[in-house]
Amino acid sequence: MNTTKINGVKLFDWTDRKSLVANSPLAEKIYKQERLSVCQQTDRMFGWLMIMQWLASILVALVVSPYTWAGRDAFIHPHIFFVTVFGSAITAFPVYLAFRHAGEPVTRFVMAVCQMLYSGMLIHLTGGRIETHFHIFGSLAFLSFYRDWRVLAVASLVTLFDHALRGIYIPESIYGVALASPWRTVEHVWWVLFEDVFLISAGYQSLSAMMNNANKQAELEVTRLRVEELVTERTGQLDASENRYRVLCETAPLGIFQTTPDGKCIYINMRFAEIFGLTYEEALRDGWSHTVPADQLDYVATAWLDAVSGDGNFDLQFRINSEKPCWVHSKASRVVAAKDGVETYVGTVEDVTEQVMAEQARLERALVQARLASIVESSNDAIVGKSIQGVISSWNPAAERLFGWTSAEMIGGTISPLLPDDKREEDAANLSRILSGEKVGEFETVRLCKDGRAIDVALVCSLMLDDQGQAIGVSAIYRDISQRKEVEKRLSEFYSTISHELRSPLTSIRGALSLIDDKIIDMGSDECYEMIGVARSSSERLVRLINDILDIKKIEAGKLELKLEKIDATTLVARAVAGMDGLARAENIQLIQDIAFSATVDVDIDRIIQVLTNLISNAIKFSSDGGCVIVGLHLQTDSDLRFSVADHGAGIPVHLQSRLFQRFQQVDSSDTRPKEGTGLGLALSKAIVEEHKGLIGVYSSPETGSTFWFDLPIVGSIAKEALIPSLGAATILLVEDDDNIAQFVRLSLLKHGYQIVRVGAISEATAILSLSRPGLILLDLNLPDGNGLDILRYLKEEFPDEAVPVIVTTGVALDKLSLAYPVVLDCFFKPFDMSLLVKSVEKVITAAPSRRILLVEDDQATRSVIARQLEAIGATCMEASNGLEALNVVDTFVPDLIVLDVGLPKLDGFEVISALQKGPFAFVPLLVYSAQELTESDRRRLSLGLTRYLDKGRISPKEFIDSVQELLGHLKVGS
Amino acid sequence: MSNHSLTKQSTNLGHGLKSVAIAWGVLVLIAYGCMVFYSMTPAKSAIPVGPFPEQSALAKGRGLTLITFLHPRCPCSKASVSELQELLAQSKFPSKLTAYAVLSQPRGCSSDFTQGAILDSLSSMKNVQVFIDKDDLESQRFGARTSGQTMLFDSQGKCLFSGGITAARGEVGANAGVDALRQFIASGQPAINKTPVFGCSLETTP
């Protein structure tokens, strides 16, 4: 903008017209409106100024010249008339224009004229006082508010003319002088023009600024309009979008919701309320949580809280209360408002009841099918499915087990491989009957296995129908009846046997009595007694048979009652052996007791003796003439005692061993069998042992014979020290893990009178050797826990000064045994000749020397008898008549056996045992032979090593000797 | 300054309004003219009375005697008092001039009638003797009929000047009467001896 300076004051450049050019019609319009507004405001101001001036004039007139006088008479001063009448007339028009035509050009022009005339009047009234001339300048300044140079021009012209005319004609009125120079008018006008220049310049600047503002305002207006258009457009779009989303929400098949973090609903759609069975208002007001059943509430609440406190994602399927079962699947996500950070959750709810019900139904169907499939798969009966054409469609595992064919091999094929040739017609006939709708019941037939075996099966065939009742195939259920057939066969054989066994003694009885009754044999003759004996023995045999049968029935009925009582196991063995001694002698079989350990057991004595008797009877039955049967008693575990009956018979084939303890089982049930028997003995024995919470078994081989064993739990605990046998110089430690070989060697050496301690592992051997050393070690090198050489190294390291002889038995050739241990005397390679082994053993140790028995009995006669009995068996008897004497006797030696009466003078048996329980006598076998009734507590006090208790009044001499021999012949350990 | 369309804004005024505007302008001029005419129209001048009346209560001064007759309540006479004051203040020969301000007290009016701003102004003037003209006797003796009538007599009682000392009613400022008196007082040479008197009448309307 070019500027002009006047007296150093910058003025607007009149030539620059751009400042008053509107950039747009709107700007021009705004500018004009602004100017009009300014003019209107100024008009109104002038209107009020006019009124004020008029009133002020009246006031001044009233104050200054209210009256004019003529002497004493006062009259209204003409000034009053002038200001009120003329003044109002003069003021009314401009005021009217100011308020009724504000902004009109004529208004401001009239204002200009009127105001300047007013100035002139004021000047006139004051007689041209210079101060009143300032009213002109003030009026011009006020008129400049119009920003219209024409107004100022009009005002200036009025002033010019006023000054000019009055200056010429009535200068007193304008200048206060009678005569005024014309230049004075020029000078006054000049000042007026001077002021005009500045006022006009300022007015133009104001207009320029007004135009500038108008332009800017126009631009803003345009922008505002544009923004409004955009806002309107966007609002419309938002409205449309909102409507669209509202429609979507309202018509969506899903329930849509928005909640606060605590679950209060902010927004829901109708579908939401419908799903939860609520009205819209209820759902918004009360929420939906009360529709969740109590058993689901914690589940839902926990999931919601986890979502709120976690990643903000909620996804849950749960049940809600409803007239009918209703399941919903709800998903929600956290939404944080960008504006204020308020957290809400927006999600959907879907009624998934149908899906859940369908899934449940599917699961139920699947479960049913699985169960059915499981039934088929787990059935012990072979279930085969075939199509109508006979093609196999299913083949369960039982079919695989029964026939040997796998499902892969059979499915898709036919059952032809299963059919024996003579059964094909039968199968075809049954199939046609089934397909015709006829019901075919179970029938027995024969099928072939994969390995060619024919098996007896019970077959049930049925037609398979689909949902429409149409035949889709045939199902065949095969049940293996081989065992039943076998049982029937055995039962048949049993009945045959029973019949034979019953008829045989009956025939003998009948025959013998017939001979007597028919007087074929004379009464009282030797033959008569013989026949009576025959009848008697036959009847006893009959009784045993019947008893066995009855016992079998009791077993079947589970009514086998046991009368339990505690008894020393040795007594059981002794009684059983004593009972079978007669039979053994008759068969020329030697009965040997091998008591390695004894303990108290809680058993039905008669039943256990029945078991032992049965086993011994069998052993005798299957032993050859001159053989021996060894009845053993060993500690099997620290809680079980093993009873064993071993023979050197032919042994039992392995494939028959598993069936031995079944009913009606005999190794040879043919008519040509050499031995009698019902086949019930072992079954009874097994039942009896198992009733006693024990185990029964057998190990047998053709080379070594058979050993039947059964284990019974021990009553009470075994002292740890008692578990470890104590060896003596006459003892052989047999280290052999093979039971058969160990039994064979042991029996052989026992027959030669050796004491044997057998262990099956290195750990057992070293445990024993750590306490005592034997006279000889028979060592197998192949042991389960290492090499037998470890035992030799152990002896060499631990007892370098003791040279225990060792004979090695091994299946592996070893050349450096002598280097390993210098006292390896001999080596036998398996299988070895037992006689050579015995000879080798005899070179090392001799058979057990005469046993020294301490006999403590106060009764002289009894003591003599017993002494003779003991010497009869080769024992050396050391006698003592009282307890004190007994202690004196043992001062010099350790007996092999103590036979002790309890009631003794000086020191009774309790005191003697109490004194002997310390020191080397602790493991000496003891036979308490007393007439005194001993309680359990007495027995505990009267015990050393292996201890037996015999009642003088009830035990026969034979039983006494047997007990002595038992105690003398084996390892003596404390019980 | 461009006024492109401002002149077009006068479309709302009809011919009637223009006529009113013109009439108003005429009325303004008339009123203005009446006002000017009134203010410029002098009142009655004094009746010439010749020399200084002998029966006047006023003592003739040994030099010039200036007498101004004033109505105590005439608004226009305030200007006369102001001119008198200035005249006497500018005079360099207060001793040669005896100035009287005769304040009219018309018959039937009490002394309170003379109280007012004019009396106060006169009382504050040092070299003016204020004389209350009870019943307007002096005014009648000297023939003064308008407030502001001022007479100047020489030492022999000859009237040198008789007229007003304001240019118009109530107008203070240079005027012929003051100029004449000043010249008379200063040099003794007459300029004019008569000027119009602007003020209220001293004579009560019969």
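Fair warning: this is a prediction, and the values are worked out from it, not measured in the lab.

A. Summary view of the overall build of chain B. Scanning chain B from N- to C-terminus turns up five helices and six strands. For chain B, the α and β elements follow one another from N to C terminus as α-β-α-β-α-β-α-β-β-α-β. In chain B, buried positions account for 52% of the 206 residues. Pairs at least 24 apart in sequence give 77% of the contacts found in chain B among residues at least 6 apart. Carbon and sulfur atoms provide 56% of the accessible area of chain B, an area that totals close to 9,200 Å².

B. Spotlight on helix H3 (residues 117–124) of chain B. All names here are of chain B. Taken together, the buried positions of H3 are occupied by Ile118, Leu119 and Leu122. The buried residues of H3 occupy an angular sector of 95° when projected down its axis, which confines them to one face. Summarising the geometry of H3, the exposed residues directed more than 90 degrees from the buried face are Ser123 and Ser124. Buried residues along H3 sit in contact with strand E1 (64–70), helix H2 (77–90), strand E2 (97–105) and strand E3 (128–134).

C. Structural view of the interface of chain A and chain B. The interface is formed by 58 residues belonging to chain A together with 48 residues belonging to chain B. When chain A packs against chain B, close to 4,400 Å² is buried across both sides, 67% of that on carbon and sulfur atoms. Across the contact surface, chain A and chain B share zero salt bridges. Inspection of the chain A/chain B interface yields seven residue pairs in polar contact (both at pLDDT 80 or more). Breaking the side of chain A that touches chain B down by element, the ones donating at least two residues are helix H1 (25–64), strand E3 (67–70), strand E4 (73–76), helix H2 (78–100), helix H3 (105–125), helix H5 (149–169), helix H6 (171–174) and helix H7 (182–251) of chain A. If you tally residues by element for the side of chain A that touches chain B, the top one is H3 of chain A, at 11 residues. Grouping the constituent residues of the side of chain A that touches chain B by class yields 33 nonpolar, 12 polar and 13 charged.

D. Structural context of the pairing of strand E33 (residues 947–951) of chain A. Residues and elements named next belong to chain A. Of all five residues in E33, four are buried; the element is thus mostly enclosed. Pairing between strand E32 (residues 926–930) and E33: five bridges, direction parallel. Bridging from a neighbouring strand, Ser930 pairs with Asp951 of E33. The handedness of the E32 to E33 crossover, carried by helix H30 (residues 936–941), is right-handed.

Reading guide: rules and limits
- Residues numbered from 1 in each chain as written.
- Chains lettered and ligands numbered in written order.
- Predicted model: local features only at pLDDT ≥ 70, side-chain atom pairs only at ≥ 80, totals over all residues.
- Heavy atoms only, no water.
- Helix = DSSP H or I, 4+ residues; strand = E, 2+ residues; numbered from the N terminus.
- Buried < 20%, exposed > 50% of the residue type's maximum accessible area, 1.4 Å probe, protein only.
- Contact = heavy atoms within 4.5 Å.
- Areas by Shrake-Rupley, 256 points an atom, 1.4 Å probe, with all protein chains shown as cover.
- Arc of directions from axis to C-beta.
- Buried area = accessible area lost by both parts, 1.4 Å probe.
- Salt bridge = Lys/Arg side-chain N within 4 Å of Asp/Glu carboxyl O.
- Polar contact = N/O pair within 3.5 Å; in protein donor to acceptor, adjacent residues only side chain to side chain.
- Nonpolar A, V, L, I, M, F, W, Y, C, P; charged D, E, K, R; others polar.
- Pairing = 2+ DSSP bridges.
- Right-handed = clockwise from strand over helix to strand, strands pointing away.

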